[in-house]
Amino acid sequence: MALTSVAIIKPNAVPRGLSDPSFARNKRISIHRWVPWIAGFSADFVSDCLNAYAGAKPREATCVLDPFAGVGTTLIEGVLQGRNVYGFEINPYAVLATRVKLNADRVSEGKLAGHISAFQRFFERHCQNGNVSRTPRTLAPVGFSGRTQFFSPKVERKVLLALDYINSIEEPIIKDLFRLSLGSVMVSFSNYSYEPSLTRRVAVGKTPIEDSNVGDTVAAKLTTMLDDVVWLRDQTKVFSGRIEKKIFSETIFGATRRLRKTGFIDIVITSPPYLNNYHYPRNTRPQMHWLGLASGAGYKGAREGESFGKFWQTVRGLPQVDLTFALPQLQKTIVDIRPLNPEKGAYGGAGWANYVATYFNDAYRFCRVLSELLRPGGVAIIVLGNSVLQGVEVKTEHIFGRIGELNGLQFADTVVLRKKRTGSSIINSSVRVDAAPRRAVLYEAAIILRKKK
């Protein structure tokens, strides 16, 4: 199948336009501000997509899906508009965040306020003059390690004290709110920071944090969450109990079995992992270990092996990985990459070619699932970025659209959302290396796929 050109349209050519998808805008928006998330959507972007593409059906009859739900921005925006929402996510910390947000309208304001006050009194009683006066019952997670101790000793005792209180909470929804509040702020008093990826403070010229008011920081976060619980209940009271809200701690590849219904999704708004070898579990490894969501060394708790597209590190040393479907231009790209830098072995073109093939094999499986779940006339908005691997530009969004066509979907549009000059330091990437033989600018784009009527 030959690849044909697709028109690039400007955001303002779409009804209402599409906002910048960057998650950074969510830091000031109720509910969305609970958890920082490097790979998330902005609430404005999701709202624009829903308004532009959800169709004319009554909102309470509309079904929204996010196959890579993250911390739930798409799902929460769907709920705020009174739509049925379904999400799939394999990262256990992200699932916790999304589940807590979706259930926030069920939280008793009085009980949450009472627990916040009790938590503050608990810290006042057991942490005097900045020192924990009793031995915490909770133990630090086994198997969690890094180049730098995550918490300094004084901070660690206070975190363990906070976990003592959290573990004593009997009501699951309140307990999960407390766990999420601790997870959302723990990096702020650790010896790491987001730059934007998780890294050691000393590596970016910042001093270690020897001590911190852990109890006050967690309580302040909980107070913000309490305010947002009240706000959410007011926003959703008109359709409370009339819509369906589900988050599945599973990969999207099992969606047709889990949902037990096909052809009923009206709109998909999502962003799969990019073809940039970004190690998504790395940013949440502390939360997963300290909140009891993972154990042991490495990233197994994040179900890394189930990640869409895998990672270059997991496929680079495998025997040659080939495409499971026919797409001539993609095959040519893989052939172009494979012989580059052979002196580097698996770190050269052969390893990266395996990664590209694995990634797009998953893309093919994903588009097949979309084709099964979307109703006739349904729409999928998928945000992707191009990549530069071994100096070869891979126009991911264009290839993704063509793979959608192979699965019976219509590749309707490509909307360029933003351009940027950052990226992974991959060999001969012209994004960072001015002398590279080929020059390219990284960008993000939304592709619009439609299920034919």
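Quick note: structure is the one above.
Now for a look at the structure at hand. All of these numbers come straight from a predicted model, not from anything done at the bench.

Attention now moves to the overall build of the chain. Check the secondary structure of the chain and you find 13 helices and 14 strands. A compact globule built from 453 residues would reach a C-alpha radius of gyration of about 22 Å, and the chain, at 23 Å, matches this within 12%. Over its C-alpha atoms, taken along the principal directions, the chain stretches across nearly 70 × 60 × 40 Å. Counting every position in the chain, which comprises 453 residues, the buried fraction comes to 57%. Total accessible area on the chain stands at roughly 19200 Å², and carbon and sulfur atoms take up 49% of it.

Contact pair helix α11 (residues 328-337) / helix α12 (residues 349-373): the axes reach a minimum separation of 8 Å and the direction vectors enclose 160 degrees. The pairing of α11 with α12 is recorded here as roughly antiparallel in orientation. Contacts between α11 and α12 pair L330, I334 and I337 from the former with G349, W352, A353, V356, A357 and F360 from the latter.

This next bit is on the packing of helix α3 (residues 92-102) against helix α6 (residues 172-185). Where α3 meets α6, the axes come as close as 10 Å, and the angle between the chain directions of the two elements is 125 degrees. In terms of orientation, α3 lies oblique with respect to α6. Crossing of α3 against α6: the hand is left-handed. Here α3 contributes Y93, L96, A97, R99 and V100 to the contact with α6, which in turn contributes D176, L177, R179, L180, G183 and S184.

Turning our eyes to something else, we now look at the side chain of T284. Position of T284 among the secondary structure elements: in the loop between β9 (265-270) and α9 (285-290). Ignoring anything within four residues of it in the chain, the contact list for T284 reads W37, N91 and Y93.

All right, on to the environment of V85 then. Of note, V85 is situated in strand β3 (residues 84-88). Exposure remark for V85: the relative accessible area of 0% places this residue in the buried category. With 156 residues separating them in the primary sequence, V85 and G241 have C-alpha atoms 13 Å apart. Residues contacting V85, with those up to four places away along its chain left out, are V64, L75, G78, V79, L102, E244, K245 and K246.

Turning to the pattern of salt bridges, a few remarks are in order. One pass over the structure, following the stated rule, counts 20 salt bridges. With its nearest N and O atoms 3.2 Å apart, the salt bridge here joins D105 to K245. Here K245 lies in strand β8 (residues 245-248) and D105 lies in the loop between α3 and α4 (109-126), a separation of 140 residues in the sequence. The class of D105 is buried, set by a relative accessible area of 16%. One salt bridge connects R258 with E250, and the closest N-O pair in it is separated by 2.4 Å.

Considered for burial, the residues of α11 that qualify are L330, T333, I334 and I337. An end-on view of α11 places all buried positions within 95 degrees of arc, on one side of the element. Looking at the packing, one finds that the buried side of α11 touches α12, β11 (387-389), β12 (392-394) and α13 (396-406).

Criteria and thresholds
- Residues numbered from 1 in each chain as written.
- Predicted model: local features only at pLDDT ≥ 70, side-chain atom pairs only at ≥ 80, totals over all residues.
- Heavy atoms only, no water.
- Helix = DSSP H or I, 4+ residues; strand = E, 2+ residues; numbered from the N terminus.
- Rg over C-alpha atoms; globule rule 2.2 N^0.38 Å.
- Buried < 20%, exposed > 50% of the residue type's maximum accessible area, 1.4 Å probe, protein only.
- Areas by Shrake-Rupley, 256 points an atom, 1.4 Å probe, with all protein chains shown as cover.
- Axes fitted to C-alpha atoms, helices over the stretch in contact; angles between N-to-C directions.
- Parallel < 35°, antiparallel > 145°, perpendicular 65-115°, else oblique.
- Contact = heavy atoms within 4.5 Å.
- Left-handed = near helix turned anticlockwise from the far one by under 90°.
- Salt bridge = Lys/Arg side-chain N within 4 Å of Asp/Glu carboxyl O.
- Arc of directions from axis to C-beta.

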